[in-house]
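In case you want the letters, here they are:
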Number of protein chains: 4
Amino acid sequence: MLSFESDYVEGAHEKILQRFLETNMEKVTGYGADPYCESAKAKIKKACACPQAEVYFLVGGTQTNMMVISTMLKPYEGVIAARTGHVSVHEAGAIEFHGHKVLELPQHQGKIQADELRAYLESFWQDENHEHMVFPGMVYISHPSEYGTLYSKQELEALSDICREYKIPLYMDGARMGYALMSRDTDVTLPIIADLCDVFYIGGTKVGALCGEAVVFTKNNMPAHFSTLVKQRGALVAKGRLLGIQFDTLFTDDLYYRISRHAIEMAELLKRGLRQKGYRFLLESPTNQQFIILENTEAERLKEKVVLSFWEKTDENHAAYRIATSWATKKEDIEALLELL
Amino acid sequence: MLSFESDYVEGAHEKILQRFLETNMEKVTGYGADPYCESAKAKIKKACACPQAEVYFLVGGTQTNMMVISTMLKPYEGVIAARTGHVSVHEAGAIEFHGHKVLELPQHQGKIQADELRAYLESFWQDENHEHMVFPGMVYISHPSEYGTLYSKQELEALSDICREYKIPLYMDGARMGYALMSRDTDVTLPIIADLCDVFYIGGTKVGALCGEAVVFTKNNMPAHFSTLVKQRGALVAKGRLLGIQFDTLFTDDLYYRISRHAIEMAELLKRGLRQKGYRFLLESPTNQQFIILENTEAERLKEKVVLSFWEKTDENHAAYRIATSWATKKEDIEALLELL
Amino acid sequence: MLSFESDYVEGAHEKILQRFLETNMEKVTGYGADPYCESAKAKIKKACACPQAEVYFLVGGTQTNMMVISTMLKPYEGVIAARTGHVSVHEAGAIEFHGHKVLELPQHQGKIQADELRAYLESFWQDENHEHMVFPGMVYISHPSEYGTLYSKQELEALSDICREYKIPLYMDGARMGYALMSRDTDVTLPIIADLCDVFYIGGTKVGALCGEAVVFTKNNMPAHFSTLVKQRGALVAKGRLLGIQFDTLFTDDLYYRISRHAIEMAELLKRGLRQKGYRFLLESPTNQQFIILENTEAERLKEKVVLSFWEKTDENHAAYRIATSWATKKEDIEALLELL
Amino acid sequence: MLSFESDYVEGAHEKILQRFLETNMEKVTGYGADPYCESAKAKIKKACACPQAEVYFLVGGTQTNMMVISTMLKPYEGVIAARTGHVSVHEAGAIEFHGHKVLELPQHQGKIQADELRAYLESFWQDENHEHMVFPGMVYISHPSEYGTLYSKQELEALSDICREYKIPLYMDGARMGYALMSRDTDVTLPIIADLCDVFYIGGTKVGALCGEAVVFTKNNMPAHFSTLVKQRGALVAKGRLLGIQFDTLFTDDLYYRISRHAIEMAELLKRGLRQKGYRFLLESPTNQQFIILENTEAERLKEKVVLSFWEKTDENHAAYRIATSWATKKEDIEALLELL
């Protein structure tokens, strides 16, 4: 059975497992104070060209969004996000569970627009009753977005400028960061992100790790006693090496970039093949998630041989399906899929 | 440098790492619906002799305590625990952060006593103002306790009887469960625990896993939509295989028991050696944590060669230190430590 | 200075103050167990023709919404509301602060539509990923709405039917309930509301009381130990007589209805006058809140002589302003206002 | 039936009700921005000899404790209190519901001791694992305490010094503040409290008001957007005049002090009478709450003629009962009670 269900269906890059084996019996202290975490943090700061960055490792994406948002917002603030943002829809209300409203803006292929953000903020501060409303306290964007799309450098600068004007942090969810950085259609690099965002995370779970996300606070703005706040939410890992070793490996010899590039190449191979066969796409995605439109009976037929993700109905007879490539996708799998279609 | 700092200073049992390697490129679905989780659950239910049990894997101990307690309590309830319980002292207020009071009872070498529990419950229900107080909604015990001590079967039965009388669940924190089960001074088995407790967890992090705890709900009492509640607290792992493979391996061929027994044997070797040398203990611990009393200058001298955990001052010139053996402790290390003392 | 700023700018109906004086030195027990609360509850149950109703008095509207919603929802659930609902916009995020998402539906003159509600619920339950989403657990409506509009009996029945089909409670925010019941354009009575809604509240603060709202649970569905939950949120009033006496007075000799009818009559007088003078309205409101469109320079001029509430810009030169009549509005004030316009 | 059940069994001082009547039809703006709130704040600041004070009116005591503690603590902090403190025992877990642990110290007739406070703080900061514990972030004291006892100026200074040394606020719960200030055995005045405490509240509910407490932040330390935080917790009153008029009246012509002194005089009359009759007390209380020890059969007999509050069993045949005088207690009632005993 072929599967393009998601970018987390395989285990971890084999180099990570090898490092686990090599270092297994070393005795190291817990809770992230081990040398692997230290080394990984140094490498990430270097990759971000951001020596003052504070890096913290967490286990998963929703956990990271919840940690960052709930510890950086003041109690009377909410976070602005696209209506389709992961925090708005697919985190089981984790932001609200931790006491904060998600203030939704319209989405444009998964992205928010600077002019709509500005209008929202202006309108809030002009409202005479705003003391009875939730204050906008942060802007959340995902890059790539949930639709695989990317912000351009110019778009990011525009959002960043507005955030600075209104003195609220810009936060980037980089669950699939590698696939953004390695897209051929981007002018946004990790140092640019570190410059324009106040906080972001580099996703591991979907880019070669068994688990793990690296949060980067770029402006000396990590909340005080962050580790205690992490513990309090049950998110502190005793064996910090689990996360340190993985990120240390991913940021050695450009492994993170190389495996991300591979996923992009596989997506390109797929796109070319699909176009040749005349398939339509829901939108133009420059990253590892591709959204193909299938006729319902064909989708039904495919189900028996390949796992895709149903995305949304497009008309009575068609629906969009997501095909996700990853660091682990094999060329043969793409060819087999194209064969099937 | 020798280290007996804790039972989580090494990585994972090598069989676990081997299983990671062997299964790495299999494509499996996420969020705990993979075949490894299924297999591990079946083995745990069998080990508990509890076919109706519901098993759920989480990442760490504080996370597990927070999940179980905050989802099983009603909003007006708190959890009863020993004053020295992990939830009372060392979880950065995770229980209170999630809205519930820890109702503290006196501790006796880390344990609570049935008569004091009963007196507390009676007194609460007799109080005319109890509608203005926090209702006792659960009893939390740790086994082994934070002092390495164990409840006898009779003690557990007494607690369990009271809980049933008052219709509140008995919850056992088994972060070091293996070391309890394999102690030579216990008459408590996993099936007995499954019978007497309403919910408990089998610790992985401190007993051979890289991370992971297995929660067991024994009375068809797993909270509805538990997975959504886990997601909401940021505790849901995308690659459920990370946890499933580890517990499947630990519960294959009695591995969990065998490595736990090894830690007990190492603790016994240590105890014999220390007794021969005339050392005193803070208390008699039948498990892998030993609490030795050191004269301050000796403790100072040892610091340069071995890592122990400072526990508490016992008088002006002495203090208790914890020495933890584990699944990974080598006989040579025990001998080296005895040599140093 | 004239003021039509809101329906809470005066104190309390004089009969309430008289009752305070008459009963002042009687010694009664606290926390709502006094005879005035008992009497008021009995009168409200009778007015609702709902003998099994459970009535609870709280201090204010946001407090009541927060109490009802946060205690009736399960932790994985959110509340469905119109995008313009009070809970969505003007409660400083009280619902989210207490851990729950407001799931927003489009608004139609402040109301939600049954077909859109049904579509939302259907879509949620069909979504394969709904375990990662916030479950719809309640429907919130305000009657009158924030725009002064009313649900017809048929509309209410349609919403109620859907809620019963999906087994979620229908909750009506009746901050201005009296003005709804006494409108000439309604076929909805208090017994109908008690029949169709699972819980609602009868507003006191905006209808003649100094403070106070009466929550009515109609289906034996008051959350267990509700009083403890109220205390826990700091909402329990020691001198329950403060609320009991007010509602007992309001529900004696139809006072609540009579003063509400007066506000409606004042609004009608105003509307007639405004129409004669050729003023336009933002929408047709059958209750005590009227939304008049003013040219900007006229609005500026009026500011010095009368307080109105700015509502929203309608074009470059015009904006809508709210004029609220109340139980306390005098005919002379309406005439003076018409004079000014 | 006589009643000494509590100090909140009567309504409000008649001057307050008169002011309600006199001002009833004035149109004033809502949410505490009315002239009565302004005037009351000015009078309280003057009474505190603290011109920089920020005063905020809330409805009840638990609400006030919850508001002050949950908005002044950082998320990783808890509040230190006596084991018998109101926040520890009788607020249904309101502090924990809002996410914070109550860190309990031993009580000495309801009070905490400076040396035990210092030892607690020293021990916390010396603990190597304190990042895994709840940080002490505030000290809570009640004055009078729940046992009617008072801190001396010297005791308050000692607590205040420690709090300043450790940079945490000292918070005084003054639910019965008037009875403390007017005791004959105190050297503590309102200006001294304003000087030594960082925040405190002046109780209205138990000292002549229908409801209401006045929080005083003395060091320019009112949390930002406090009003929004109050709204978010459902504690904002629309008709702020309800609170403003009451405190304005209480702080006009020393009314608050005069009625408090009356309660003290009534308590003294009672004490003298009881002593003459040979009754014993649980402890020596210099305020309006007296704790008398009664033989069980006498207590049983009294129940039919007078309401007292059961406090605690003192031996098999005796128990302590609380007799509370108040601003409203009549001399005849004291005499009638003495007659009965």
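Just so we're clear, the structure is a prediction, and the values are computed from it rather than from any experiment.

S.K.: Can you walk me through the overall build of chain A in this structure?
M.R.: Helix and strand content of chain A: 14 helices and 12 strands. On C-alpha atoms alone, chain A measures out to a radius of gyration of 20 Å, which is about the 20 Å that the 2.2 N^0.38 rule sets for 341 residues. Each of the three principal axes of chain A carries a C-alpha extent, and together these read 60 × 55 × 35 Å. Across chain A, every contact between residues at least 6 apart in sequence was considered, and the portion connecting residues at least 24 apart equals 72%. About 12000 Å² of surface is accessible on chain A, with carbon and sulfur atoms providing 48% of the total. For chain A, the separation between the mean place of its 37 positive charges and that of its 47 negative charges on side chains is 5 Å.

S.K.: How do you make sense of the packing of aromatic side chains when you look at a structure like this?
M.R.: Aromatic ring pairs are reported here in terms of the distance separating the ring centres and the angle at which the planes meet. Evaluation of the coordinates by the stated rule reveals 64 aromatic pairs over all chains. Ring centres of A:Y256 and A:Y257 lie 6.3 Å apart, and the angle between their planes is 80 degrees; on these two criteria the pair is classed as edge-to-face. Note on A:Y256: relative accessible area 1%, which makes it buried. Taken together, the aromatic side chains of A:Y76, A:F124, A:W125 and A:F135 make up a single cluster linked through ring pairs. Positioned above the aromatic ring of B:Y151, the side-chain terminus of B:K111 is 5.3 Å from the ring centre.

S.K.: Any chance you could explain the interface of chain A and chain B here in plain terms?
M.R.: Interfaces are frequently sized by the accessible area removed from exposure as the parts join. Tallying the contact residues gives 48 residues for chain A and 48 residues for chain B. Where chain A abuts chain B, roughly 4300 Å² becomes buried across the two surfaces, and 61% of that area is made up of carbon and sulfur atoms. Where chain A packs against chain B, one counts four salt bridges. When the shortest N-O distance is used, the salt bridge between B:E10 and A:K27 registers 2.7 Å. Scanning the region where chain A abuts chain B turns up 30 residue pairs in polar contact (both at pLDDT 80 or more). Listing elements by their share of the side of chain A that touches chain B, those giving two or more residues are helix 1 (14-23), helix 3 (61-72), helix 5 (94-97), helix 10 (226-232) and helix 11 (241-250) of chain A.

S.K.: So what exactly am I meant to see when it comes to the relation of the copies chain A and chain B here?
M.R.: Two chain copies here: they are related by a rotation about an axis and a translation along the same axis. The two copies are related by a screw operation: chain A maps onto chain B through 180 degrees of rotation and 0.0 Å of translation along the axis, at an RMSD of 0.0 Å. Accordingly, the operation relating the two chain copies is best matched by a two-fold axis. By residue overlap, the copies meet face to face through one surface: 100% of the interface positions of chain A are interface positions in chain B.

S.K.: Please explain the state of the cysteines as it appears in this structure.
M.R.: When the sulfur atoms of two cysteines share a covalent bond, that bond is a disulfide. Inspection of every chain in the model, using the stated rule, returns zero disulfides over all chains. There is no disulfide at A:C197, and the cysteine sulfur nearest it, in A:C163, is 8.6 Å away. Residue classification places A:C197 among the buried positions, given a relative accessible area of 0%. Unpaired in terms of disulfides, B:C37 finds its nearest cysteine sulfur in B:C211, a separation of 11 Å. Given the relative accessible area of 3%, B:C37 is considered buried.

S.K.: Explain the interface of chain A and chain C here, please?
M.R.: At the junction of the two partners, chain A supplies 18 residues and chain C supplies 18 residues. For the pairing of chain A and chain C, the buried interface totals around 1500 Å² over both sides, and the portion due to carbon and sulfur atoms is 52%. Viewed at the interface, chain C and chain A are joined by four salt bridges. Between chain A and chain C we count eight residue pairs in polar contact (both at pLDDT 80 or more) in total.

S.K.: Whenever I open this one, helix 3 (residues 61-72) of chain D confuses me. Can you help?
M.R.: Working note: α-helix, 3.6 residues per turn, so residues spaced by three or four point in the same direction. Residue and element names in this part refer to chain D. Between its first and last C-alpha atoms helix 3 spans 16 Å; for 12 residues at 1.5 Å apiece the expected length is 16 Å, and the two agree. Burial analysis of helix 3 places 11 of its 12 residues in the buried class, the great majority of the element. Along helix 3, the residues classified as buried are T62, Q63, T64, N65, M66, M67, V68, I69, S70, T71 and M72.

S.K.: Would you mind showing me how to read the nonpolar core here?
M.R.: Generally speaking, nonpolar side chains in soluble globular proteins are found buried as a group. Counting residues in each nonpolar core, the largest one holds 134 residues, and the members touching the most others are C:I44, C:F200, D:I44 and D:F200. Counting residues in each nonpolar core, the second largest holds 132 residues, with A:C163, A:V237, B:L159 and B:L190 among its members.

S.K.: Just checking my understanding: could you explain the pairing of strand 8 (residues 213-217) of chain D for this structure?
M.R.: Both faces of the sheet carry side chains from a regular strand, because those side chains alternate between them. Residue and element names in this part refer to chain D. A large share of strand 8 lies buried, amounting to five of its five residues. Of the two faces of strand 8, the one carrying E213, V215 and F217 and the one carrying A214 and V216 are both buried. Two elements, strand 2 (residues 54-58) and strand 8, share five bridges in a ladder whose sense is antiparallel. Bridge pairing in strand 8 links F57 to A214. Summarising the sheet, strand 7 (residues 199-203) and strand 8 pair through five bridges and their orientation is antiparallel. Residue pairing for strand 8: I202 is matched across the bridge by A214.

S.K.: Sorry if this is basic, but what is going on with the sheet that holds strand 5 (residues 135-142) of chain B here?
M.R.: Two pairing modes exist for strands in a sheet, parallel and antiparallel, and in both the strands are linked by backbone hydrogen bonds. Residues and elements named next belong to chain B. Ordered in space as 2-8-7-6-5-3-4, the seven strands form an open sheet in which the pairing is mixed. The open sheet has two edge strands, strand 2 (54-58) and strand 4 (102-105), and neither has a second partner. On average, each strand axis in the sheet is tilted by 25 degrees relative to the strand beside it, whichever way the strands run. Each of strand 2, strand 7 (199-203) and strand 8 (213-217) is contacted by helix 2 (residues 35-47), which is oriented at about 125 degrees to strand 2, the strand it contacts most. Here helix 6 (residues 114-126) sits on the sheet and contacts strand 3 (77-82), strand 4 and strand 5; the angle it forms with strand 5, its principal contact strand, is near 170 degrees.

S.K.: Looking at this structure, I do not really get the packing of helix 12 (residues 255-276) of chain C against helix 14 (residues 331-340) of chain C. What am I missing?
M.R.: To characterise two packed helices, one gives the angle between the axes of the helices and the distance between these axes. Residues and elements named next belong to chain C. Interaxial distance between helix 12 and helix 14 falls to 10 Å at its minimum, and their mutual angle equals 20 degrees. The pairing of helix 12 with helix 14 is recorded here as roughly parallel in orientation. Crossing of helix 12 against helix 14: the hand is right-handed. Of the residues in helix 14, those touching helix 12 at M266, L269, L270, G273 and L274 are K331, I334, L337 and L338. Taken together, the residues of the contact of helix 12 with helix 14 sort by class into seven nonpolar, one polar and one charged.

Rules behind the numbers
Residues numbered from 1 in each chain as written. Chains lettered and ligands numbered in written order. Predicted model: local features only at pLDDT ≥ 70, side-chain atom pairs only at ≥ 80, totals over all residues. Heavy atoms only, no water. Helix = DSSP H or I, 4+ residues; strand = E, 2+ residues; numbered from the N terminus. Rg over C-alpha atoms; globule rule 2.2 N^0.38 Å. Contact = heavy atoms within 4.5 Å. Areas by Shrake-Rupley, 256 points an atom, 1.4 Å probe, with all protein chains shown as cover. Lys, Arg positive; Asp, Glu negative; His and termini not counted. Charge placed at Lys NZ, Arg CZ, Asp CG, Glu CD. Phe/Tyr/Trp six-rings, centres within 6.5 Å; stacked < 30°, edge-to-face > 60°. Buried < 20%, exposed > 50% of the residue type's maximum accessible area, 1.4 Å probe, protein only. Lys NZ or Arg CZ within 6 Å of the ring centre and 35° of its normal. Buried area = accessible area lost by both parts, 1.4 Å probe. Salt bridge = Lys/Arg side-chain N within 4 Å of Asp/Glu carboxyl O. Polar contact = N/O pair within 3.5 Å; in protein donor to acceptor, adjacent residues only side chain to side chain. Least-squares fit on C-alpha atoms with pLDDT ≥ 70 in both. Disulfide = S-S within 2.5 Å. Expected span 1.5 Å × (residues − 1). Core = buried A, V, L, I, M, F, W, Y, C linked by side-chain atoms within 4.5 Å. Pairing = 2+ DSSP bridges. Axes fitted to C-alpha atoms, helices over the stretch in contact; angles between N-to-C directions. Parallel < 35°, antiparallel > 145°, perpendicular 65-115°, else oblique. Left-handed = near helix turned anticlockwise from the far one by under 90°. Nonpolar A, V, L, I, M, F, W, Y, C, P; charged D, E, K, R; others polar.

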